[in-house]
Amino acid sequence: MPERVVTVVPEDGLHARPASNFVETASEYDIEIQVGHVDGDLVNAASMLAITGLGVTSGEDVRLVAEGAEAEAALDELERILSTPEGEG
Amino acid sequence: MLEDDIDLLLPRAHIALSGPPPDKQAAIEFLLDLVAANDRVSDRGAAFDALCERENVATTGVGMGIGIPHAKTAAVAEPSVAFARSRAGIDFDAADDEPVRLLFLILVPAVRAEEHLQILSSLSRALMHEDARETLLAADDAETVQNTVREAMD
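Residues numbered from 1 in each chain as written. Chains lettered and ligands numbered in written order. Predicted model: local features only at pLDDT ≥ 70, side-chain atom pairs only at ≥ 80, totals over all residues. Heavy atoms only, no water.

Asks: Summarise the sheet that holds strand E4 (residues 61-67) of chain A; cite the residues concerned and give the values.
Replies: Residue and element names in this part refer to chain A. The strand order E1-E4-E2-E3 describes an open sheet built from four strands, whose pairing is antiparallel. Of all strands in the sheet, those with a lone pairing partner are strand E1 (3-7) and strand E3 (42-44), marking the two edges. In this sheet, neighbouring strand axes are inclined to one another by 30 degrees on average, regardless of whether the strands run parallel or antiparallel. Taken together, the five bridges between E1 and E4 define a ladder with antiparallel strand orientation. Residue pairing in the sheet places Val5 in a bridge with Arg63 of E4. (Pairing = 2+ DSSP bridges. Helix = DSSP H or I, 4+ residues; strand = E, 2+ residues; numbered from the N terminus. Axes fitted to C-alpha atoms, helices over the stretch in contact; angles between N-to-C directions.)

Next up, the structure:
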């Protein structure tokens, strides 16, 4: 199953606008995408409640896992959001 | 630590089982007034501005009928949470289009950013449990709300 580990760059971490962009993008794909701390449980990447519950701060690594036809494309786009400093997205 | 502090964080005075107006902004003011009436807000205008500013960045309607407006602000001296329930539901512009029925307001002193995120994420994890949401929707008294939040945040 395609997966990768990405360092969260935005100052807010996975909160506020970056989180909103992340959830919105994950929702656009009709496949299962999960995210979590590197050593923790994975949650639904398309759920803002689940993402907020992760409490990911700037500089932390997260693990992204996707399954399905467009998995790599989805991961590319989500990685881009997590790697883009605030205001440049 | 959080679990033992629910009585301080979310005292019964901050819990309203009914009453929030159907408009999002007015509902946030309603929650803020619960905390202000308990003498915890030194500058209501500043607190409200901070909440609106955060809301303008991205909605705090996190889905599953839950809204968690939150802000860091110098207008409070201690972390404070308020709860209100809406029977009719409030349009929070949530990603899943679900009207918000369970509302939690979080206000944390500006200098305690870490605690702010910790409360927000613990509360979110607690609300992912369907039984916690069901209990909050059905609760008849403030004590049930406190106990549910306490247990779910364990």
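Structure's up, so let's keep going.
Asks: Give me the interface of chain A and chain B: which residues, what numbers.
Replies: Contact residues are listed per partner, giving twelve residues for chain A and 13 residues for chain B. Per-residue buried area on chain A facing chain B is highest for Leu49, Thr52 and Gly53 of chain A; these three make up 46% of the total on that side. Applying the counting rule to chain A against chain B returns zero salt bridges. On the surface where chain A and chain B come into contact, there are two residue pairs in polar contact (both at pLDDT 80 or more). For the side of chain A that touches chain B, the elements supplying multiple residues, two or more each, are helix H1 (16-28) and helix H2 (48-54) of chain A. Looking at the side of chain A that touches chain B element by element, the count peaks at six residues for H2 of chain A. Of the residues contributing to the side of chain A that touches chain B, the split by class is five nonpolar, six polar and one charged. (Contact = heavy atoms within 4.5 Å. Buried area = accessible area lost by both parts, 1.4 Å probe. Salt bridge = Lys/Arg side-chain N within 4 Å of Asp/Glu carboxyl O. Polar contact = N/O pair within 3.5 Å; in protein donor to acceptor, adjacent residues only side chain to side chain. Nonpolar A, V, L, I, M, F, W, Y, C, P; charged D, E, K, R; others polar.)

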